[in-house]
Amino acid sequence: MEKKTYKDFDNYLKRYPDKNGYFGEYGGQFLPPELIPAFKEIDDAYEEICHSSQFISELRRIRKEFQGRPTPVYHCERLSRMLGKVQIYLKREDLNHTGAHKLNHCMGEGLLAKYMGKKKIIAETGAGQHGVALATAAAYFGLECDIYMGEVDIAKQHPNVIRMKMLGARVIPVTHGLKTLKEAVDAAFDAYLKEYKDAIYCIGSVVGPHPFPKIVRDFQSVVGFEAREQFLEMTGILPDAVTACVGGGSNSMGMFAGFLSDPVDIYGVEPLGRGSAIGDHAASLAYGKKGILHGFESYLLQDENGEPLPVYSIASGLDYPSVGPEHAYLHDCGRVNYVSVDDEEAMKAFFMLSRYEGIIPAIESSHALAYAMRYAKEHDTGSILVCLSGRGDKDIDYVYEKYGTGECFISDLQKSDK
Ligand SMILES: *Cc1c(COP(=O)(O)O)cnc(C)c1O
């Protein structure tokens, strides 16, 4: 594909995806024929509602009064000094209500459901983070909420299951196949097929059939637009680089949306897990090939029959065998650089930010921070803005069990700090 620079990205967000939901050759809508009218209804409604001034001002008010936006941009002076001369900044999405960026699109999807006159929202969840954010939105808007979740995940993610139930959602166990996310997606689609007159399906990232990659990107773009303005106000210039972790790709697309047409280097960070062998990572862009999963075409970690391969990352929010189609496009045209960070490097960043800045990050977000730390060591000067997608409270029990309080990761740096 022809390479593109920031100069080719004027007005890009209005031009992509095309009306069929394609970003170049990626995206689209691969659905059973019975579901096509339901998705068309969502697409038509979104195109109309998203331009209404009432919808825009209501969403703005919710973001300010309920979510706590704008979230701040923070300069990590101490961490930056320890690493060299590059200045590291964080966009604090961890300070959103419920502790992560996911609420940005869930509140948007909930408001869309309300404007469409729907009574119920339906979704699947893997680790439970999307389920909790959506159950929060459902409680706020007074909508019913059915969350499909594999039985295996229900057992593993007990606290999130309790949260969803306390928020009033129904958590419906999926008991066939491997009883994890893939089966939960199928079950949620089946339910939506039966109930689409009264219900709307709400996806958890910039993935799935058109129009979801577009809708979720648009709702998340508040992250990048806010961060750009805040950074300019703080420093008078743009950052040299921005970075974010890429699971399905929603916090990163939100962040990148604010900077695509600027002379800023952009880095998406995929999880390299335990290494590059099959089943040890979830770096779909680095090791995948074009394929179809969950109704859209993108890079996919797949076997010779096109079946998704097993994936792994220490961050449960990043272990998805595919990636949003817009990332596939930005990868091929060269506008965004995709890099990978393994479990160890991410965990080191987790403990460094906790110890030296007083912020315990989500393990997902630690991947982006780890790349920023690598960037700081490799560059003599400049600045890098990191999307800190979530807080780490959800991770501390697991981390403590595996790594204790992190002495092994920070001991050498502590010495040089003195
Ligand atoms: C779910 C999650 C992610 C990964 O999802 P994206 O769609 O890639 O943003 C990253 N960080 C946190 C904190 C999450 O909860």
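None of the values given here were measured: they were computed from a predicted structure.

Now for the overall build of the protein. Within the protein, the regular secondary structure consists of 18 helices and 14 strands. In terms of C-alpha radius of gyration, the protein reaches 20 Å, essentially the compact-globule figure of 22 Å for 418 residues. Overall size of the protein, expressed as C-alpha extent along the three principal axes, is 65 × 50 × 45 Å. Looking at the protein alone, contacts between residues at least 24 apart form 74% of all its contacts between residues at least 6 apart.

All right, on to the domain arrangement of the protein then. According to the domain assignment, the protein contains domain 1 (29-64 + 102-212) and domain 2 (68-99 + 220-417). The centre of domain 1, based on its C-alpha atoms, is set 25 Å off from the matching centre of domain 2. Listed per partner, the contact involves 20 residues of domain 1 and 26 residues of domain 2. Of the roughly 1900 Å² buried between domain 1 and domain 2, counting both surfaces, carbon and sulfur atoms make up 61%. It is Phe30, Asn104 and Val206 in domain 1 that bury the most area against domain 2; as a group they hold 31% of the surface buried on that side. On inspection of domain 1 and its partner domain 2, the count reaches zero salt bridges. The tally of links from domain 1 across to domain 2 stands at nine residue pairs in polar contact (both at pLDDT 80 or more). Listed by contribution, the elements that provide at least two residues to the side of domain 1 that touches domain 2 are helix H3 (53-67), helix H5 (102-115), helix H6 (129-141) and helix H9 (181-195). Per-element accounting of the side of domain 1 that touches domain 2 gives the leading share, four residues, to H5.

On to the layout of surface pockets. The volume enclosed by the second largest pocket comes to roughly 1000 Å³. Taken together, 35 residues form the lining of the second largest pocket, with Leu13, Tyr46, Asp218, Ser221 and Phe225 sitting closest to its centre. Put simply, the parts of the chain that give the lining of the second largest pocket at least two residues each are helix H1 (12-15), helix H2 (36-49), H3, helix H10 (212-220) and helix H11 (222-235). Partitioning the lining of the second largest pocket into residue classes produces 16 nonpolar, six polar and 13 charged.

Okay, the site of the ligand next. As a matter of local geometry, the ligand sits amid 16 residues, with Lys102, Ser205, Gly249, Ser250 and Ser389 nearest to it. At 2.8 Å, a backbone N or O of Gly247 approaches an oxygen atom of the ligand. In the environment of the ligand, a nitrogen atom lies 2.7 Å from a nitrogen or oxygen atom belonging to the side chain of Ser389. Considering only residue class, the shell around the ligand consists of four nonpolar, ten polar and two charged.

Turning our eyes to something else, we now look at the side chain of Ser252. Position of Ser252 relative to the elements: it lies in helix H12 (residues 250-257). Here the side chain of Ser252 touches His327 through a polar contact of 3.1 Å, side chain to side chain. Those residues in contact with Ser252, other than ones at most four positions away along the chain, are Ala244, Cys245, Val246 and His327.

Bringing the pattern of salt bridges into the picture now. Scanning all chains against the criterion turns up 25 salt bridges. For Glu58, the salt bridge identified is with Lys114, shortest N-O distance 2.9 Å. Of this pair, Glu58 sits in helix H3 while Lys114 sits in helix H5, and the two are 56 residues apart along the sequence. In this structure, Asp262 and Arg228 form a salt bridge, with 2.7 Å as the shortest nitrogen-oxygen distance. Within this pair, whereas Asp262 is found in the loop between H12 and strand E10 (265-273), its partner Arg228 is found in helix H11, the two being separated by 34 residues in sequence. You can call Asp262 buried: its relative accessible area is 7%. One network of salt bridges, with partners in common, ties together Glu47, Lys214, Arg217, Asp218 and Glu326.

Let's shift gears to the packing of aromatic side chains. Inspection of every chain in the model, using the stated rule, returns 24 aromatic pairs. Judged by centre distance (4.9 Å) and plane angle (50°), the ring pair of Phe9 and Tyr12 falls under tilted. Taking 6.4 Å as the distance between ring centres and 35° as the angle between the ring planes, the aromatic pair formed by Phe55 and Phe219 counts as tilted. Separated by 164 residues along the polypeptide, Phe55 in helix H3 and Phe219 in helix H10 bring together distant segments of the chain. The residues Phe55 and Phe219 share a single accessibility class, namely buried. Members of the aromatic cluster, each reached through a chain of ring pairs, are Phe39, Phe189, Tyr192, Tyr196, Tyr201 and Phe212. It is Arg274 that lies over the ring of Tyr312; its NZ or CZ is 3.8 Å from the centre. The ring of Tyr26 carries Lys290 above its face, with NZ or CZ at 5.7 Å from the centroid.

Below, the discussion takes up the pairing of strand E6 (residues 144-150). Counting buried residues along E6, six of its seven residues qualify, which places the element largely inside the surrounding structure. With six bridges joining them, strand E5 (residues 120-125) and E6 adopt parallel strand pairing. By the bridge assignment for E6, Lys120 is matched with Glu144. Following the backbone out of E5, through H6 and into the adjacent parallel E6, one traces a crossover that is right-handed. One ladder, built from five bridges, connects E6 with strand E7 (residues 170-174); its direction is parallel.

Conventions and cut-offs
Residues numbered from 1 in each chain as written. Predicted model: local features only at pLDDT ≥ 70, side-chain atom pairs only at ≥ 80, totals over all residues. Heavy atoms only, no water. Helix = DSSP H or I, 4+ residues; strand = E, 2+ residues; numbered from the N terminus. Rg over C-alpha atoms; globule rule 2.2 N^0.38 Å. Contact = heavy atoms within 4.5 Å. Domains from an automatic or database assignment. Buried area = accessible area lost by both parts, 1.4 Å probe. Salt bridge = Lys/Arg side-chain N within 4 Å of Asp/Glu carboxyl O. Polar contact = N/O pair within 3.5 Å; in protein donor to acceptor, adjacent residues only side chain to side chain. 1 Å grid on protein atoms, 1.4 Å probe; cavity = no way out; pocket = protein on both sides within 12 Å on 5 of 7 lines; lining within 4 Å. Points joined across faces, edges and corners; volume = space filled by probe spheres on them. Nonpolar A, V, L, I, M, F, W, Y, C, P; charged D, E, K, R; others polar. Near = heavy atom within 4 Å. Buried < 20%, exposed > 50% of the residue type's maximum accessible area, 1.4 Å probe, protein only. Phe/Tyr/Trp six-rings, centres within 6.5 Å; stacked < 30°, edge-to-face > 60°. Lys NZ or Arg CZ within 6 Å of the ring centre and 35° of its normal. Pairing = 2+ DSSP bridges. Right-handed = clockwise from strand over helix to strand, strands pointing away.

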